[in-house]
Amino acid sequence: MQKFLNENSTNTPVTSKNTESEGQSNSGSKDFIKWVDFKVTSEAMNDAYQYDLKAHDTDTPLDWICLLAMLGVKYGGDFKNYKSADLDAIASKLLNKELTISEMTKDMKYYDYYNEAYHAVLGGFVGEYELGGADTASSEKQYGLKAFSPIAKGFPYTDYDDFGSSRSFGYRRQHLGHDMMGQIGTPIIAVESGYVECLGWNRYGGWRIGIRSFDKKRYYYYAHLRQNFPYCKSLKEGSTVTAGDVIGYMGHTGYSDKENTNNIDIIHLHFGMQLIFDESQKDGNNEIWISCYELTRFLSQNRSETVKDDTSKEWHRVQEMIDPAVTAYQNAQKKTAEP
């Protein structure tokens with residue numbers, strides 16, 4: 001995989017402008033990012049998030065993703081040598097109003113790249129939301145992490161960094177996701193609010209769900225779901241989901257052309273995130289999949305608590321969340337459908 005060094009390196013981030021071998025964009029000559037090697041650690045994400053959280057509603061708000069983008073320039077995208085002191089130094093200048101972000105980044109050659117790339121990965125994770133029921137009078141307004149771990153609270157799982165490891169079923173290829181091993185029937189959670197773009201059988205992923213973020217930048221892939229009862233019964237293509245909702249159940253289906261076959265040895269969720277800067281990247285040779293290991297470590301602090309309905313055998317979230325992004329999307333859909 002391509003590695004980016006530092007802002008003085010000749011190894012430049014890949015965009016449509018500097019990659020001659022790629023085809024034309026669906027959007028004409030518009031430049032778009034062609035590759036992202038996401039190597040931000042969960043520690044760095046959490047530290048930046050805490051700065052954002054504490055500075056919210058002050059006269060010096062901080063965007064955690066912009067902070068990470070500045071560190072991305074410093075480290076050339078590789079956070080293996082991350083030091084919290086480096087983040088502290090950046091945040092201090094902003095909080096003390098010594099410099100603005102524009103002033104700090106004006107000479108950072110690759111800041112725009114990292115800022116766009118990291119916003120594509122993390123753009124739906126932090127924001128405003130409400131806790132409570134549909135009655136807004138009883139809801140509680142919040143700001144903070146509104147994305148969830150893909151594994152429900154209280155359900156054990158194990159994992160390790162397996163992105164890029166070899167797979168051989170069908171053809172030799174790299175593993176472009178993150179495996180989280182657990183128990184049959186473990187409730188699988190929507191990481192971010194969005195809409196169901198695909199749902200059904202795939203010979204590699206078995207029963208799987210694909211959910212697209214409302215800004216269309218992220219495509220979440222949940223695979224190897226449970227035999228016979230893979231999804232929540234109400235789920236279908238086009239359904240809107242809220243982050244924290246139960247969407248399906250862990251299993252080991254897949255590696256078969258025959259539907260509903262358990263042909264995976266280990267019970268696990270294959271969780272993947274694809275980045276899409278242009279629709280020409282959605283399917284085919286131009287796909288951008290990123291490592292989700294550090295993302296799941298960061299999201300483990302926010303796991304959706306669930307309860308089982310003994311009648312329907314379905315699991316449901318305990319704490320409802322009202323996401324303004326869902327409301328805005330549904331209102332837009334209604335407006336589009338009006339004659």
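Owing to the predicted nature of the structure, the values given are computational and were not obtained by experimental measurement.

1. Considering the pairing of strand β10 (residues 218-223)
The element β10 is extensively covered by neighbouring structure, given that six of its six residues are classed as buried. With burial as the criterion, each face of β10 is covered, one bearing R218, Y220 and Y222 and the other bearing Y219, Y221 and A223. When strand β9 (residues 206-213) meets β10, the two strands line up antiparallel, connected through four bridges. Its bridge partner lying in β10, I211 is registered against Y220. Linking two consecutive strands that pair antiparallel, namely β9 and β10, is a turn of four residues; a positive phi of about 70° is found at K216 within it. The pairing of β10 with strand β13 (residues 268-275) spans six bridges and is classified as antiparallel. The residue bridging A223 from the neighbouring strand is H270, located in β13.

2. Description of the confidence of the model for the chain
Chain-level pLDDT for the chain is 89 on average; 87% of the residues reach the 70-or-more range. The low-confidence segment residues 1-11, where pLDDT is below 50, has 35 contacts with residues more than four positions distant or belonging to other chains. Note on residues 16-28: pLDDT is under 50 here. Beyond four places in sequence and across chains, it has 19 contacts.

3. A word on the packing of helix α2 (residues 64-75) against helix α5 (residues 111-122)
Axes are the key here: two packed helices are described by the angle between their axes and the distance separating the axes. For the pair α2 and α5, the least separation of the axes is 8 Å and the interaxial angle reads 135°. Compared by their axis directions, α2 and α5 come out oblique. Between α2 and α5 lies a crossing of right-handed hand. On the side of α2, the interface is formed by W64, I65, C66, L68, A69, M70, G72 and V73, while α5 contributes Y111, Y114, N115, Y118, H119 and L122. Class assignment for the residues of the contact of α2 with α5 results in eleven nonpolar, three polar and no charged.

4. Overview of the packing of α2 against helix α3 (residues 84-95)
Taken N-terminus to C-terminus, the directions of α2 and α3 make an angle of 130°; their axes are 10 Å apart at the nearest point. On the basis of their axis angle, the class for α2 and α3 is oblique. At the point where α2 passes α3, the crossing takes the right-handed sense. Residues L67, M70, L71, K74 and Y75 of α2 touch α3, and the partners they reach there are D86, L87, I90 and L94. Of the residues in the contact of α2 with α3, the class split is seven nonpolar, no polar and two charged.

5. Some remarks on the pattern of salt bridges
Tallied over the full model, the rule gives twelve salt bridges. For K146, the salt bridge is made with D323, and the minimal N-O distance between the two is 2.9 Å. Of this pair, K146 sits in the loop between β2 (140-145) and β3 (158-159) while D323 sits in the loop between β17 (321-322) and α7 (324-337), and the two are 177 residues apart along the sequence. With respect to class, K146 is no different from D323; both count as buried. Between R317 and D245 there is a salt bridge, with its nearest N and O atoms 2.9 Å apart. A residue pair is termed long-range when its members are at least 10 positions apart, and R317 in strand β16 (residues 315-317) and D245 in the loop between β11 (240-241) and β12 (246-249) qualify at 72 residues. The exposure class assigned to R317 is buried, which follows from its relative accessible area of 7%. Each of E197, R212, E279, K282 and D283 takes part in a single network of salt bridges with overlapping partners.

6. Some points on the sheet that holds β2
Pairing is antiparallel in the open sheet, where three strands are placed in the order β2-β1-β17. Two strands bound the open sheet, and with one partner strand each, they are β2 and β17. Across two bridges, strand β1 (residues 126-131) lies against β17 in antiparallel orientation. For L131, the partnering residue across the bridge sits in β17 and is M321. The strands that helix α1 (residues 42-55) touches are β1 and β2; relative to β2, the one it contacts most, it runs at about 150°.

7. Regarding the packing of aromatic side chains
For any two aromatic rings, the description comes down to two numbers: the centre-to-centre distance and the angle of the planes. Within the structure shown, the criterion is met by 20 aromatic pairs. Measuring from ring centre to ring centre gives 6.4 Å for Y219 and W289, while their planes differ by 75°; the resulting arrangement is edge-to-face. With a gap of 70 residues between them, Y219 in strand β10 and W289 in strand β14 (residues 288-290) connect regions that are remote in the sequence. An angle of 20° between the planes, with centres 6.2 Å apart, marks the rings of Y220 and F271 as stacked. Of this pair, Y220 sits in strand β10 while F271 sits in strand β13, and the two are 51 residues apart along the sequence. Through pairs of rings, three or more aromatic residues link up here, namely F38, Y75, F79, Y82, Y113, Y114 and Y118. The side chain of R203 reaches across the aromatic face of Y204, ending 5.1 Å from its centre. The lysine or arginine in question, R226, covers the ring of Y249, its NZ or CZ lying 4.4 Å from the ring centre.

Quick notes on the rules
Residues numbered from 1 in each chain as written. Predicted model: local features only at pLDDT ≥ 70, side-chain atom pairs only at ≥ 80, totals over all residues. Heavy atoms only, no water. Buried < 20%, exposed > 50% of the residue type's maximum accessible area, 1.4 Å probe, protein only. Helix = DSSP H or I, 4+ residues; strand = E, 2+ residues; numbered from the N terminus. Pairing = 2+ DSSP bridges. pLDDT = per-residue confidence, 0-100. Contact = heavy atoms within 4.5 Å. Axes fitted to C-alpha atoms, helices over the stretch in contact; angles between N-to-C directions. Parallel < 35°, antiparallel > 145°, perpendicular 65-115°, else oblique. Left-handed = near helix turned anticlockwise from the far one by under 90°. Nonpolar A, V, L, I, M, F, W, Y, C, P; charged D, E, K, R; others polar. Salt bridge = Lys/Arg side-chain N within 4 Å of Asp/Glu carboxyl O. Phe/Tyr/Trp six-rings, centres within 6.5 Å; stacked < 30°, edge-to-face > 60°. Lys NZ or Arg CZ within 6 Å of the ring centre and 35° of its normal.

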